[in-house]
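Overview (structure and organization)
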Amino acid sequence: MKRKNSAGFVSVSVVLSILFGLLFVGASGFGVWAFMNYQDQKGNVDAKIASAVKVAKDEQSKEDETIFTEKEKQPTRQLIGPVDLGALSLDYPKTWSVYLENNGSGSQFSAILHPGAVTSTQQRAPYALRVNVVNSTYENMVATYQSQVNGGSLKASPIKLNDTDGLRIDGKFSDTITGSMVLFKIRDKTLTLLTESPTFVPDFDKIILPSLKFNK
């Protein structure tokens, strides 16, 4: 008959049981860590996807709004000035209103154009467009802005429209007005068109100027 193992020895089965137990606990711990890590990574990915979707929706919304705004401007309307002051005409977005400051009396013509209603010339928000036929020579009007051009706040460049030479001025006209202006000679007078904000320069370049006509 075989003797039992002495108390100082541990059976192989016990050791194996302990080892398997440790391995199981370790595997379980690794599984929990891996699962938590997966959940964390998944949450980050989901958050990034949600953020990207929001950005895409916002960009699409802005694009749709821009397209809608541009479509709303069509078809354009037409402004026509007095015949004896060059019979000027130009197209402008139908979403703009016209306020006549001077309809031709005193050998001058003045009009303000702006989106919505223009109820008073005291409304000093930058206007979309000012149209003036002033009782001053072209040379004198150009000289009015020469010091600002020399100082660098304005930039002057030649412009040609319907075979008529003129001057374009871009930049900061005052503390509240930054935009673009064109000047043309109409006999002994000067035609000026000024947009008072960079917001309206695209309409100035794409709608106003291409449609501008007048008698020299």
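Summarised in this report is the structure supplied together with it. (Residues numbered from 1 in each chain as written. Predicted model: local features only at pLDDT ≥ 70, side-chain atom pairs only at ≥ 80, totals over all residues. Heavy atoms only, no water.)

Relative to strand β4 (residues 109–115), strand β3 (residues 96–103) runs antiparallel, the two sharing seven bridges. Within β4, the position partnered with Trp96 by the bridge is Pro115. Taking the residues that link successive antiparallel strands as the turn, the β3-β4 hairpin has five residues, and the phi of Gly104 there is positive, at about 130 degrees. (Pairing = 2+ DSSP bridges. Helix = DSSP H or I, 4+ residues; strand = E, 2+ residues; numbered from the N terminus.)

Counting 27 residues, the largest nonpolar core has Leu90, Leu129, Val131, Leu191, Leu193 and Ile208 as the members making the most contacts within it. Those elements that provide at least two residues to this core are β2 (89–92), β4, β5 (129–134), β6 (154–161), β8 (178–186), β9 (189–195) and α4 (201–211). With four residues, the single largest contributor to this core is α4. Beyond its immediate chain neighbours, meaning those up to four positions away, Leu129 contacts Leu90, Trp96, Ala111, Ile112, Leu113, Leu193, Leu194, Thr195, Phe204 and Ile208. Among the nonpolar cores identified, the runner-up in size contains 13 residues, and Tyr138, Val142, Tyr145 and Leu183 belong to it. (Core = buried A, V, L, I, M, F, W, Y, C linked by side-chain atoms within 4.5 Å. Buried < 20%, exposed > 50% of the residue type's maximum accessible area, 1.4 Å probe, protein only. Contact = heavy atoms within 4.5 Å.)

The next thing to look at is unusual backbone geometry. Positive phi is not limited to glycine here, since Asn162 has a value of about 50 degrees. Tracing the backbone shows Asn162 in the loop between β6 and β7 (164–172). Within the chain, Arg187 stands out as a residue other than glycine whose phi angle is a positive 55 degrees. As for its placement among the helices and strands, Arg187 is situated in the loop between β8 and β9.

It is worth spelling out the pattern of salt bridges at this point. By the definition in use, this model includes six salt bridges. Between Arg168 and Asp170 there is a salt bridge, with its nearest N and O atoms 3.1 Å apart. Classification of Arg168 by relative accessible area gives buried; the value is 14%. Of the charged contacts in the structure, one is a salt bridge between Asp205 and Arg168, with a shortest N-O distance of 2.8 Å. Pair noted here: Asp205 is in helix α4 and Arg168 is in strand β7, with a separation of 37 residues, a long-range link. When its relative accessible area of 33% is taken as the criterion, Asp205 is described as partly exposed. Connected through salt bridges with shared partners, the residues Glu101, Arg130 and Glu196 form a single ionic network. (Salt bridge = Lys/Arg side-chain N within 4 Å of Asp/Glu carboxyl O.)

What follows is about the sheet that holds β8. Pairing is antiparallel in the open sheet, where seven strands are placed in the order β3-β4-β5-β9-β8-β7-β6. The open sheet has two edge strands with one neighbour each: β3 and β6. Mean inter-strand twist for the sheet, computed between neighbouring axes without regard to direction, equals 15 degrees. Both β8 and β9 contribute to a ladder of seven bridges, which runs antiparallel. By the bridge assignment, Leu183 is partnered in β9 with Thr192. Across the sheet, α4 touches β3, β5, β6, β7, β8 and β9, and the angle it forms with β8 is around 30 degrees. (Axes fitted to C-alpha atoms, helices over the stretch in contact; angles between N-to-C directions.)

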